[in-house]
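As a plain string of letters, each chain reads:
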Amino acid sequence: MTSPIKQSHIHFAITVSNNSMSLQYDKETIVLPSQWKNKSPILFAAGLALLVTGAVFALFTQGADKSDGVAAFKFVTHSYLANFMYVMTIALGALFFILVQFVARAGWSTSIRRIAELIMSTIPFLAVLFLPIIVLLYANSDALYEWNVRENVHSSVIKAKIDVGYLTKNYFTLRAALYFGLWALMGAWFYSQSRKQDESGDIEHSLLRQKWSGPCIMIFALSASFAAFDWVMSIDADWFSTIFGVYLFAAGMMAFFATMILINAGLQKAGKLQNLVSVEHFHDMGKFMFGFIMFWSYIAFSQLLLYWYGNIPEETYWFAVRLKDGWQYLSYGLIPLHFAIPFLGTMSRHVRRNRPGLVFWAIWVLVVHWLDMTFLIMPNAGPLSLIPLAGHLLGGLGMLFIFFAFFLVRATNVPLVPMRDPRLPESLTYANPIL
Amino acid sequence: MATIASSYNPREIDNTNDIPGRRAPLITGNQTYTSVTEMVCRVAEDPQPRIWWILFGFSSLTAVMFLSLIAFLIYKGVGIWGNMSPVFWAWPIVNFVFWVGIGHAGTLISAILFLFRQNWRTSINRAAEAMTIFAVICAGIYPGIHVGRAWLAFWLLPYPSLNLWMWPQFRSPLLWDVFAVGTYASTSLVFWYMGMIPDLATYRDRSKSPFRRMVYSLLCLGWTGSSRHWLVYEKAYTILAALAAPLVLSVHTVVSFDFAVSQLPGWHTTIFPPYFVAGAIFSGFAMVVTLLVPMRKIYKLENLITLRHLDNMNKIILATGSLVGLAYGTEFFMAWYSQNQYESFTFINRAFGPYWWAYWIMVTCNVISPQLFWFKWMRTNVVAMWVVSIFVNIGMWFERFVITVTSLSRDFLPASWGYYNPTMYDGLMFFGSFGVFMTLYLLFCKFLPTIAISEVKGVMAASEHAAHVEAELLGEAHGHGHHGAGH
Amino acid sequence: MSEHKPRKTSEPKPPRSTGWVAEFSNEHALLEAARKVRDSGYTKTDAFTPFPVHGIDEALGIKPTILPFIVLCAGTTGLLTALLMQWWMNGVDYKYIISGKPFGITPASIPVSFELTILFSAFTSVLGMLALNGLPRLSNPIFTNPRFDRATDDRFFLYVDAGDRYYNRESVKELLSSAHPESLDEVMEDPSPTTLPRPIWLGSLLLVLAGLIPAMIVLNMRAGFSDLPRWHVFFDMDFQPKKKPQQTTTIFADGRTMRPQVEGTIARGQLTEQDPFYLGWDPSKVTLAEVRNPILVSTQDPAAQDPAPAQDPAPAADSPKSEVVVETKPADAATEQKPADPVAVPPAQTAAAPAAGAVPNLPWIDRLPIAADEEHMKLGRTKYEIYCSTCHGYSGFGDGLVAQRAASLLQDTWTPPSSLHLDRVQKQPVGQIFHTISKGQGKMASYASSLTPKERWAIVLYVKALQRSRNATIEDVPVEDRSKLSEAK
């Protein structure tokens, strides 16, 4: 093992006074690459085009298949929700990551924290992407949420939830507004504190965030869990699982770390963040990705085992739907694709310290995360048919483009590393022990 | 004989705050390698204080009572307990889950905090691991004696039997428990022992009497501190940590499966695995605080087990306590959301039925009392935290009681509903299990290294090293001096 | 012992040097010296430190260990062992149905597989660490140096072994002393004897032998034979203070352990054998001669309570069958007009049944035990439509969907369900219809498990209403509603 000072050749001059720190550095290394700048409108347009193309494609192919407009529309709405949740879970992962860094007073992550903050800052934009779903509800469509039109509901269980006012469009919208409001507020405040520190270098901003991160995590846990119940679980409003929120959280965290690896590697490839983000950071992000692959498997297995073993029809039918009509290939496929292969692939220290290897597995994880969201949501729209699924895939790509466009909007003219964070020196010098 | 290390400082030094960018020291009082050795070895080398003998006398008597009661139980049968239709799983299973839960903190501290590079674990991991082993021993006793014919408990193992011509039932969660708890107990034991090898060598090298030296020589397997050995040792330790981390999660997950794979309302819910794990960590840390607060005082270890360690543990207690509260809430919500009348009844019955008192003790102790740890003065006041930790221990026992007894006493068949009453033997045996636990723990304090000496020194060196590197980075001139041929 | 010693070491060889060890007060000095030694080309070197010093592997040129690979292999072995074990034990060798779960590898096999993977890996990493390090090694030349006791406290030692290719006693000494160690010593071989002292190995041997004794006893008990009676450890478990049926006792005057029912009491569940509400007929109106129902007998006739007649070989021959069929057969005979089973039905009834035609041969009750009100009518209709209408049809003509389907298949094994409007059915008392629902008839199965007695009576009420509706006149319609009827036309 070489001494950490050798691994990161640092060419910065930092001066420390009593409670602030200043640092001379090459400003070019912590801004977006020039070729990335101004790309967000193009990306956004391309994403939107892909989303629309995918939807239209699915609408026509699914319709032609079934000669049934209702089924086709159902497919498209489910596809939109799946793709929306695909990026939403990543953004929520970023929010949780930021909160937990402060609650744990972490030092290692300081130089990669800004990227996570920028991902987290896309939440208000994502709220806009949620609007079509609200519009759908107010258009009195039950294509996505069957509980929205009470007359068409046969199940007494769902009727009871509607009658109490829980699963109604007004209350649903109110809750969604509350979740987004809380997340956006927490995100905005943590981001603004970080930006203020960029200006002043005052440690007070770190202390404040440390102080409030604890309560914020509590709020996050509650809201993210209920958002998962509302948005994803209630598309099948008969079914219920207490672990569902944890499931989406685990999936989102895993995908978040994959996103972080890709963005950091991309920026470094474009010549940025040199020496600021080291192989140690990639190693740690790789470990976290590995850890959450396992955690996802643990949660998914727990849910499956308890319902499989209990064998109560009102619980098992959710799996039954996912184990027929073509979906069984996806469901069984998740076991190797989402667990066994990436688990073995990212187990070794050598892979985690090898950037191309890690990038490969990060892409893999983002793909399987999309498959996972498809597995959760799409079987509710009907049997699997491959051709319209291509439209769903286009939509997923489009959503990813839009998400990245949002990220670029937030990242433009912003330093990509919190250069005056007092914990930065620790982040630049730490080394992984021999794991 | 050395009495008090020269560097011992009995004043409570608040090292819980660190200015961002400047880590506060983990151990206080300007310790050196020698003073750390001195401070820890003193615990075993000095004659034990009077309080140790009083506690040992009391707890060993209690342990003897426990063992006698087990003998009586085996002779007379489980009828001496209060287990009766429909509550066949009563105190024995409650006590089992209670002790297994407590047994989670040690390996969690050694493994998961190790993987997260939480260096503060080094001062407390040894004591917590020891506590884990002893708690798992107490836990393991209960299912063993609950099987009725305890002398045939080995039938649980898959061994080729010429008498039975049959194999255990691998689709039963109770058998998963045998494997999970067995693996956990043995892995924790070797993890604990392996961690102790270098410190046992320290004990050996400080021994005055040849007999003592011989015993510790045998125990430390001839450890020399060779760098080649250290390298393999650290690798093995890291691998064990990486294995033990999911193992810890799996054990209480499997314990939760015992309940959750059934169809009984209040048991059959998917949040059980993570919720049980959170509860286990919660109770485990509470027990560590309960044990360490007096221990650091008695053995004058305040400089090694500092307020920072206690503060961090209290934060974990707060976090896991709130998680447990969130799980209670989610269960209640889902009981309504599922529109399942049995599920709804069970939860209303828990809170307002005949066992309402147990439910509200549980909520008060588990959810409300740790909320006091939002206040920093609570987290750094040793008396206050000790009281809260005891409340948490009580609350977590009641959680298992509530889960087990309320669901069983009101099952699907109203004709068989009943009210469970423990007998004298239930109470005495639960009390007696604390005797076994405390006896083992006190013997551990007397004979084995209570703090991981080599790990504390390693962290001291690492923080010194980090300070050098950082100072170099910050361009401070004096940082270079000791570094020599650093690069 | 003391006399032996000089003889054994009569020619004391001077202890051989195994290398040089230098002592340093901190890890930085050690690292510096280690690099110097490495750069001079020495490879058989080692450092002894109280904690793992970071960078020492690079400073000494120590290669990474293969332990992770060994552990990976062990973990895979554990996983495969667990899967094979569960598949073979529960899927092949000892199949055992448990709550309908499949055999072999299922989600339920995962927990044990996981645990065994961890178990194998964990023990391999610890034992592998010991093996790779050559531990336990209780005797080591380095221990001969008394200063070495501080290697586990606060001192750092650097050691160059004499077996090194480039080892030269003087130059190594010079090299090490140039690093300014706290002390520099030559390491000497340990002169103490390498064999275990006799008391220790003798004691250990005795201990092992003593440890075998219980195992030998168990083995002897398992494999051997004995004339002695079994040894009862748990006497009260082997001989429990309880009485079984048909045993004798001294507690009661009649010497029987089974107690007759106290007069004037009804046991739980007994009502179903006594009350017309549960039977459809009145058992108090039958005599033993008419129905040989043992249960009925025991409750009716005190004389029959004597168990002695049950041991009479002649009735015992046919009693099992009659117990089962007696209640249905008379009804069968009565309604279907088939010759009844001569064994099952008492001769008196067999003779009576064909002659009597639809006349019941049990004292059927002819009044509904429930009120004929709207609530019961609704209940009866609901239950009729659920359970009866599939065969008998909604109007009771025996034209339910099942009957239609069966008829269209033209299966000759099919017995069509009766129309409820046949004359013989119309004439049946309510008790008999109730009895038919409860016990089944012909191809019709019993519905007692699906319908409570009250629901069955409600169905009887509804059937009666259906029958009546076939022969209704305008007089049956209430006067005030007659106008509505004509309006409907």
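All values derive from a computational prediction rather than experimental measurement.

## A word on the overall build of chain A
Next up, step 1: Check the secondary structure of chain A and you find 16 helices and two strands.
Next up, step 2: A compact globule built from 435 residues should have a C-alpha radius of gyration of about 22 Å, and chain A, at 22 Å, falls within 12% of that.
Next up, step 3: Its C-alpha atoms put chain A at 70 × 45 × 40 Å along the principal axes.
Next up, step 4: When the 435 residues of chain A are sorted by exposure, 51% land in the buried category.

## Quick word on the overall build of chain C
Next up, step 1: Counting secondary structure elements, chain C contains 19 helices and four strands.
Next up, step 2: Here chain C holds 489 residues, and the buried ones make up 28% of them.
Next up, step 3: Look at the contacts in chain C between residues 6 or more apart in sequence, and 67% of them connect residues 24 or more apart.

## Observations concerning the interface of chain C and chain A
Next up, step 1: With seven residues of chain C at the contact, the number on the chain A side is eight residues.
Next up, step 2: Tallied by class, residues from the side of chain C that touches chain A come to three nonpolar, two polar and two charged.

## Remarks on the environment of I271(B)
Next up, step 1: With respect to the element layout, I271(B) can be found in the loop between α8 (227-260) and α9 (272-298).
Next up, step 2: Those residues in contact with I271(B) that lie beyond four places of it in its chain are T242(A), I243(A), A327(B), T330(B) and E331(B).

## Re the confidence of the model for chain C
Residue and element names in this part refer to chain C.
Next up, step 1: Within chain C, residue pLDDT values average 79, and 81% of them lie at 70 or more.
Next up, step 2: Confidence, expressed as mean pLDDT per element, reaches its minimum in chain C at helix α13 (residues 347-356) with 36 and its maximum at helix α14 (residues 374-392) with 94.
Next up, step 3: Across residues 1-9, confidence stays below pLDDT 50; counting only partners more than four residues off in sequence or on other chains, it has zero contacts.
Next up, step 4: Considering only residues more than four positions removed or in separate chains, one finds that residues 293-360, a stretch of pLDDT under 50, has 78 contacts.
Next up, step 5: For this predicted complex, the interface score ipTM comes out at 0.89, while the overall pTM is 0.80.

## Describing the pairing of strand β1 (residues 17-24) of chain C
Residues and elements named next belong to chain C.
Next up, step 1: A large share of β1 lies buried, amounting to seven of its eight residues.
Next up, step 2: Sheet topology places β1 next to strand β4 (residues 183-188); six bridges connect them, and they run antiparallel. Each bridged residue has a counterpart across the sheet, and for A22 the counterpart in β4 is L184.
Next up, step 3: As judged from the six bridges shared by β1 and strand β3 (residues 156-161), these two strands associate in the antiparallel manner. Across the sheet, E23 pairs through a bridge with F157, a residue of β3.

## Side note on the sheet that holds β4(C)
Residues and elements named next belong to chain C.
Next up, step 1: Strand order in this open sheet of four strands is β2-β3-β1-β4, and the pairing throughout is antiparallel. Two strands in the sheet have a free side with no partner beyond their single neighbour: β2 (45-48) and β4. Adjacent strand axes in the sheet meet at a mean angle of 25° when their direction is disregarded.
Next up, step 2: Where β2 lies against β3, four bridges are found, and the strand directions are antiparallel. Residue pairing for β3: F48 is matched across the bridge by F157.
Next up, step 3: Sitting on the sheet, helix α2 (residues 27-39) touches β1, β2 and β3, and the angle it makes with β3 is about 15°.
Next up, step 4: Those strands touched by helix α6 (residues 169-177) are β1, β3 and β4, and its axis lies near 10° from that of β1.

## Some thoughts on the packing of helix α5 (residues 125-146) of chain B against α9(B)
Residue and element names in this part refer to chain B.
Next up, step 1: Axis separation between α5 and α9 bottoms out at 10 Å; the angle between their running directions is 125°. Relative to α9, the element α5 lies oblique. Crossing angle aside, the handedness with which α5 passes α9 is right-handed. When α5 is examined against α9, the residues A127, A128 and M131 are found in contact with a partner set consisting of M287, V288, L291, L292 and M295.

## Digging into the domain arrangement of chain C
Next up, step 1: As far as domains go, chain C holds domain 1 (14-191), domain 2 (270-355) and domain 3 (374-473).
Next up, step 2: Taken over C-alpha atoms, the centre of domain 1 of chain C sits 85 Å from the centre of domain 3 of chain C.

## Points about the interface of chain C and chain B
Next up, step 1: Every contact between the two is made by 61 residues of chain C and, on the other side, 55 residues of chain B.
Next up, step 2: For the side of chain C that touches chain B, the elements supplying multiple residues, two or more each, are α2, β2, α3 (56-60), α4 (67-93) and α5 (110-133) of chain C.
Next up, step 3: Element by element, the count of residues in the side of chain C that touches chain B is highest for α5(C), at 17 residues.
Next up, step 4: Here the residues of the side of chain C that touches chain B are counted per class, giving 35 nonpolar, 14 polar and twelve charged.

## Description of the environment of H392(C)
Residue and element names in this part refer to chain C.
Next up, step 1: Looking at where H392 falls in the secondary structure, it is placed in helix α14.
Next up, step 2: For H392, a count of 23 C-beta atoms within 10 Å translates into the label buried.
Next up, step 3: For the pair H392 and W364, spaced 28 residues apart in sequence, the C-alpha to C-alpha distance is 23 Å.
Next up, step 4: Once residues within four sequence positions are removed from consideration, H392 is found in contact with G398, G400, P417 and L420.

## A closer look at unusual backbone geometry
Next up, step 1: A cis amide bond, omega 0°, links S85(B) with the succeeding residue P86(B).
Next up, step 2: Inspection of the secondary structure assignment puts P86(B) in the loop between α2 (50-76) and α3 (91-102).
Next up, step 3: The step from L135(C) to P136(C) runs through a cis peptide bond, and the omega angle for that step is -5°.
Next up, step 4: One can find P136(C) in the loop between α5 and β3.

## Digging into the nonpolar core
Next up, step 1: In terms of nonpolar packing, the biggest core is built from 324 residues, with L95(A), M254(A), M289(A) and L158(C) touching the most fellow members.
Next up, step 2: It is helix α3 (residues 69-103) of chain A that contributes the most residues to this core, 22 residues altogether.
Next up, step 3: Among all residues touching L158(C), those that are not within four sequence positions of it are V21(C), A22(C), F24(C), L30(C), A33(C), A34(C), V37(C), A47(C) and L176(C).
Next up, step 4: The next biggest cluster of nonpolar side chains, apart from the first, holds 21 residues, and it includes L362(C), I365(C), L420(C) and A458(C).

## Points about α2(C)
Think of an α-helix as 3.6 residues a turn; residues three or four steps apart then line up on the same face.
All names here are of chain C.
Next up, step 1: When the terminal C-alpha atoms of α2 are compared, their 18 Å separation across 13 residues agrees well with the 18 Å that a helix rising 1.5 Å per residue should span.
Next up, step 2: Taken together, the buried positions of α2 are occupied by E27, H28, A29, L30, L31, A33, A34 and V37.
Next up, step 3: Positive phi shows up at G41, right after α2, with a value of about 100°.

## Re the packing of helix α10 (residues 279-310) of chain A against helix α14 (residues 355-377) of chain A
All names here are of chain A.
Next up, step 1: Following both chains from N to C, one finds α10 and α14 inclined at 30°, their axes separated by 11 Å at the closest point. The handedness of the crossing between α10 and α14 is left-handed. Between α10 and α14, the residues in contact are F282, G286 and M289 and R355, L358, A362 and V365, respectively.
Next up, step 2: Taken together, the residues of the contact of α10 with α14 break down into five nonpolar, one polar and one charged.

## Some details on the confidence of the model for chain A
All names here are of chain A.
Next up, step 1: Summarising the model, chain A shows a mean pLDDT of 87, and 92% of its residues fall at 70 or more.
Next up, step 2: In this model, residues 1-13 is a region of pLDDT below 50 whose contacts with residues beyond four sequence positions or in other chains number 38 contacts.
Next up, step 3: When the criterion is pLDDT under 50, residues 15-20 qualifies, and its contacts beyond four places in sequence or with other chains add up to six contacts.

What counts, and at which threshold
Residues numbered from 1 in each chain as written. Chains lettered and ligands numbered in written order. Predicted model: local features only at pLDDT ≥ 70, side-chain atom pairs only at ≥ 80, totals over all residues. Helix = DSSP H or I, 4+ residues; strand = E, 2+ residues; numbered from the N terminus. Rg over C-alpha atoms; globule rule 2.2 N^0.38 Å. Buried ≥ 20, exposed ≤ 12 C-beta atoms within 10 Å, placed from the backbone. Contact = placed C-beta atoms within 7 Å. Nonpolar A, V, L, I, M, F, W, Y, C, P; charged D, E, K, R; others polar. pLDDT = per-residue confidence, 0-100. Pairing = 2+ DSSP bridges. Axes fitted to C-alpha atoms, helices over the stretch in contact; angles between N-to-C directions. Parallel < 35°, antiparallel > 145°, perpendicular 65-115°, else oblique. Left-handed = near helix turned anticlockwise from the far one by under 90°. Domains from an automatic or database assignment. Core = buried A, V, L, I, M, F, W, Y, C linked by C-beta atoms within 7 Å. Expected span 1.5 Å × (residues − 1).

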